[in-house]
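Coordinate inspection notes
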Amino acid sequence: IAVDKTGLIYVADAGNDRVVVFSRLGFFLTVLADKNYGLVRPTGLAYSPTGLLAVSMPDRHEVFVYQLENSIPRQL
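Below is a summary of the structure that appears in this document. (Residues numbered from 1 in each chain as written. Predicted model: local features only at pLDDT ≥ 70, side-chain atom pairs only at ≥ 80, totals over all residues. Heavy atoms only, no water.)

What the protein contains, in helices and strands, is 0 helices and 8 strands. Mapped from its N terminus to its C terminus, the protein presents α and β elements in the order β-β-β-β-β-β-β-β. Since a compact globule built from 76 residues should have a radius of gyration of about 11 Å, the 11 Å found for the protein is in line with a globular shape. C-alpha extents for the protein along the principal axes are approximately 30 × 25 × 20 Å. Considering the protein as a whole, with its 76 residues, one finds that 36% of them fall into the buried category. For the protein, the share of sequence-separated contacts (at least 6 apart) that also reach a separation of at least 24 residues comes to 27%. Computing the positive centroid from 7 side-chain charges and the negative centroid from 7, the protein places the two 3 Å apart. (Helix = DSSP H or I, 4+ residues; strand = E, 2+ residues; numbered from the N terminus. Rg over C-alpha atoms; globule rule 2.2 N^0.38 Å. Buried < 20%, exposed > 50% of the residue type's maximum accessible area, 1.4 Å probe, protein only. Contact = heavy atoms within 4.5 Å. Lys, Arg positive; Asp, Glu negative; His and termini not counted. Charge placed at Lys NZ, Arg CZ, Asp CG, Glu CD.)

Below, the structure is given as structure tokens:
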């Protein structure tokens, strides 16, 4: 789980190969990234104040880093 500077909550959903976003009140908002973005069993997240979101996938020994721009991920 990671929280950005606006209070949005990002959750790594390893069972469904995706990262989902919730409002600060806990309401589901959207799927941020999924298999179409290359995610496979994401288990960890880290958010930086500059808008970077790191997603770890230990099964693949990889970490993807996304630049968050208006809730549209762009892989770096």
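This part takes up the sheet that holds strand β1 (residues 2-3). Read across the open sheet, the 4 strands follow the order β1-β2-β3-β4; overall the sheet is antiparallel. With partners counted over all chains shown, the strands left at the sheet margins are β1 and β4 (28-33), one partner each. Looking at chain direction, strand β2 (residues 9-13) and strand β3 (residues 18-22) are connected through 5 bridges and run antiparallel. By the bridge assignment for β3, Y10 is matched with V21. (Pairing = 2+ DSSP bridges.)

Bear in mind that shape data such as this cannot, by itself, settle questions of function.
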